[in-house]
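Remarks on the overall topology
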Amino acid sequence: MTTPPSSLGSPVPGPFPPSPETRRDGKGRGDRLPEHGEVLVVLFGRIGDVVFTLPSVAALAKARPDLSIDWIVEDRCADLLSGHPLLRDVIRFERSRLTALKKSGHPLRALGEIGRLVKRLRSRRYDAVLDFQGLLKSGVATGLARGALKLGSPSTYGRMREGSAFFSRMVPLPDAGLHLVERHLLVVRELLGRPVEPVSSGLTISPHEIRSAREKAGSDPFVLIHPFASWETRNWPADLWKKTAREMVERGFRVVVAGAGGPTQEEVVRRILEGAGGRGHSLLGQLSLRELAAVMALSEAVLAVDSGPMHIAASAGARVVALFGPTDPARLGPFGPRKRPGEGESYGRSGRVVAAGLPCQPCMLRRCPIGTPCQSELSPTAVVEAAMSLIASQELAGLSGALARERAS
Ligand code: SF4
C-alpha cells in the first residue's frame, strides 16, 4: 500500500483556550513573558524528537524574536543544533563521555561532570522552561533549571510520563491524532496563548558542508538509502533493500548508502551494494548529522525506514520515501518543506509513506510476536514506484536551500 501524502501542514487549530490551571491563576501566560525574556528548551534526544521540536522553536522565535532561547540536548544530537541562528546557547549533556567514565571506573569524575552541568544549567534564571519530552531525565533537568514557569509537553507518544511531576503546568492534549511536530507546537501555543503555525525548522547547512557532501556523494544523480532504525521491528530485510537498489540502478540512478556504522550495519550495506552492482557506494560512518542532511538534500530521493535520519531528510527538504512497519505515519510520517511545480513553498506533511497495510499496523511494538510481516510483505516494487513518482513530481528539490547554495557557490 502506498499512502498518498497528507494535506499540507496547517495552523494548529485555534483559538486555543487557556488550560484550566491557567484560567485559575492567570499566571505564566506566554504573552506575559517579559520583553527580551529567556527560555530554556529541554529535549535531550533522540534525533527524530530534536527534528520534531525545531519547528516549535522556530515558531516561538518567529512570534517573539526578542526572546533568547537556550536548548539542553544530548551530545549525539547536538550536531543538529550547534550554530543554529535561533539559539543563543546549546547546553550539551555529554552522555557518551559520562558512560565512558562510568565504564572505565571513574564514577567520581562522572559525578563531577554532572555537577558542572547542573551549575551551568542553574547559572541563568529563565522566564520559561519548556520540557518537550516528559521523561524522567528531562523532568529532572526541568526541575533543576531555575524558571518562573515550567511547561510540560504531552510527550512524544501522547502520554504524560515520569517527568510530568516536575512541571508547573501541563499542556492539554486536545487531539491525539496530531503529528508530533504539531503536538510539540501545542507547547508554544500554550506559552503564547494563541495559535501558531509550523515554521520550517531551518536545519543550518553551510556552503562548506554542502561542498563536502557533494564530494562525498559524487556528481551523478543518486538516491540515498538509509536502512537503519533503532527498533528491530522498524527495519526492512536486507534482501528487499538489495532488490530495491538493483531496481533504482536499472532506472538510471546511483545508490549511496548511509548509516552510523558498526559491524551489523556493514553486512546490510554489503547486500545493498551487491544489488547496486558497480553503481553504489557506502558512506557508512563517514557523515556527521549535518553532512547527512546535506547529502540527503542533494539526492534525487531518500529511501529510509521510520527513523531519525528519515526525519532529517524530510526536514532538509529531500524527497522522502518513508517505509513504515509498526509505527504510525499519521504521527511520525515525514514532515518538512514542500513545494510542487507552480506552487509556493509550504511546510507540513511531505514525501511518500509506503506500508504493507496489515490490520495489525500500527502496533508500536519493538518486538513482533508474529515475525514482522509488516516488513517482509512490503514489496520493493511499491518502494521503487513511490520513489519514481516522487522524483517525477519534482515536488521537492532540496528546499533547505542546499542545491541553490551549491549552485551559487
Ligand atoms: S504486530 Fe504487525 S505491525 Fe506490529 S511489528 Fe508485528 S507485523 Fe508489524
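Note: the structure precedes this text.
This text gives an overview of the structure that appears in the document. (Residues numbered from 1 in each chain as written. Predicted model: local features only at pLDDT ≥ 70, side-chain atom pairs only at ≥ 80, totals over all residues. Heavy atoms only, no water.)

**Considering helix α10 (residues 263-276)**
Taking 1.5 Å as the rise per residue, α10 with 14 residues should run 20 Å; its terminal C-alpha atoms sit 20 Å apart, in good agreement. Along α10, the residues that are buried comprise Gln 265, Val 269, Ile 272, Gly 275 and Ala 276. For α10, the angular spread of the buried residues around the axis is 110°, confining them to a single face. Elements that come into contact with the buried residues of α10 comprise β10 (222-226), α9 (238-250), β11 (254-257) and β12 (280-282). (Helix = DSSP H or I, 4+ residues; strand = E, 2+ residues; numbered from the N terminus. Expected span 1.5 Å × (residues − 1). Buried < 20%, exposed > 50% of the residue type's maximum accessible area, 1.4 Å probe, protein only. Arc of directions from axis to C-beta. Contact = heavy atoms within 4.5 Å.)

**What about the site of the ligand?**
Near the ligand the following residues occur: Thr 233, Pro 326, Cys 360, Gln 361, Cys 363, Cys 368, Ile 370, Thr 372, Pro 373 and Cys 374. Among the residues making up the shell around the ligand, the classes are represented as seven nonpolar, three polar and no charged. (Near = heavy atom within 4 Å. Nonpolar A, V, L, I, M, F, W, Y, C, P; charged D, E, K, R; others polar.)

**Observations regarding the nonpolar core**
Side chains of nonpolar character tend, in soluble globular proteins, to be buried together. Counting residues in hydrophobic clusters, the biggest one holds 75 residues, and the most contacted among them are Leu 60, Trp 71, Leu 130 and Ile 312. For this core, the element with the highest residue contribution is helix α2 (residues 47-63), accounting for ten residues. Two domains share this core, each providing at least three of its residues, namely domain 1 (17-192) and domain 2 (207-408). If you look at the next biggest cluster of nonpolar residues, it comprises 34 residues, including Ile 225, Met 248, Phe 253 and Leu 284. (Core = buried A, V, L, I, M, F, W, Y, C linked by side-chain atoms within 4.5 Å. Domains from an automatic or database assignment.)

**Topic: the pattern of salt bridges**
A complete count under the given rule lists 25 salt bridges for this structure. A salt bridge links Glu 274 to Arg 270, with the shortest nitrogen-to-oxygen separation between them at 2.6 Å. Residue Glu 274 and its partner Arg 270 are both found in helix α10; the two are separated by four residues, about one turn of the helix. Note on Glu 274: relative accessible area 38%, which makes it partly exposed. Relative accessible area serves as the criterion here: at 42%, Arg 270 is assigned to the partly exposed category. Salt bridges sharing common partners tie together Glu 38, Asp 70, Arg 88, Asp 89, Arg 120 and Arg 124. (Salt bridge = Lys/Arg side-chain N within 4 Å of Asp/Glu carboxyl O.)

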